[in-house]
Amino acid sequence: MSRRRVPANPGGLFPFVCCDCRRSFKRPLNGVAPRPCPLCGRPAPWVHRKFKAPKATDVAQWEKVRFLIQHGFLFHSFGDGRGHNVRYPETLKEARTWVKQWADKAIRFEA
Ligand SMILES: [Zn+2]
């Protein structure tokens, strides 16, 4: 099966993620509103393009993704105030303290 590169379009496609189905799909942004998951129909929030979806079998990573999104971290990049980008946490355990540390960088959105 050949994969064709889709040319970047000006509106742009963003990944939307469903942490219940553990998959992501690309759609144009809809303001900040979630879009229904094509599999389960539940609202799937959008995340920034830098997001890399974990494997569907990697439940622990998806729980971390869910946790980060719930706390307003949509895989946008932000600085640490000293000229470096803040690295996203590797594990859910790390994420629990991380979201408190960077709480003022969270994006407010209606889930
Ligand atoms: Zn779903």
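Refer to the structure presented above.
Below is a short write-up of the structure.

Cut-offs applied
Residues numbered from 1 in each chain as written. Predicted model: local features only at pLDDT ≥ 70, side-chain atom pairs only at ≥ 80, totals over all residues. Helix = DSSP H or I, 4+ residues; strand = E, 2+ residues; numbered from the N terminus. Buried ≥ 20, exposed ≤ 12 C-beta atoms within 10 Å, placed from the backbone. Contact = placed C-beta atoms within 7 Å. Core = buried A, V, L, I, M, F, W, Y, C linked by C-beta atoms within 7 Å.

1. What about the environment of Ile107?
So, point 1. Secondary-structure assignment places Ile107 in the segment after α2 (92-101).
So, point 2. Exposure remark for Ile107: the 13 C-beta atoms within 10 Å place this residue in the partly exposed category.
So, point 3. Residues Ile107 and His76, spaced 31 residues apart in sequence, show a C-alpha to C-alpha distance of 8.9 Å.
So, point 4. For Ile107, the residues in contact, after removing those within four places along its chain, are Gly72, Leu74 and His76.

2. A short note on the environment of Gly12
So, point 1. Locating Gly12 in the fold gives a position in the segment before β1 (13-18).
So, point 2. Here the alpha-carbon distance between Gly12 and Leu29, two residues 17 residues apart in the chain, equals 7.7 Å.

3. Concerning the nonpolar core
So, point 1. Counting residues in each nonpolar core, the largest one holds 16 residues, and the members touching the most others are Val17, Cys19, Val47, Val65, Leu68, Ile69 and Leu74.
So, point 2. Among the secondary structure elements, those contributing two or more residues to this core are β1, α1 (59-70) and α2.
So, point 3. Ranked by the residues each element gives to this core, the list is headed by α1, at four residues.
So, point 4. Beyond its immediate chain neighbours, meaning those up to four positions away, Val47 contacts Pro15, Val17, Ile69, Leu74 and Phe75.

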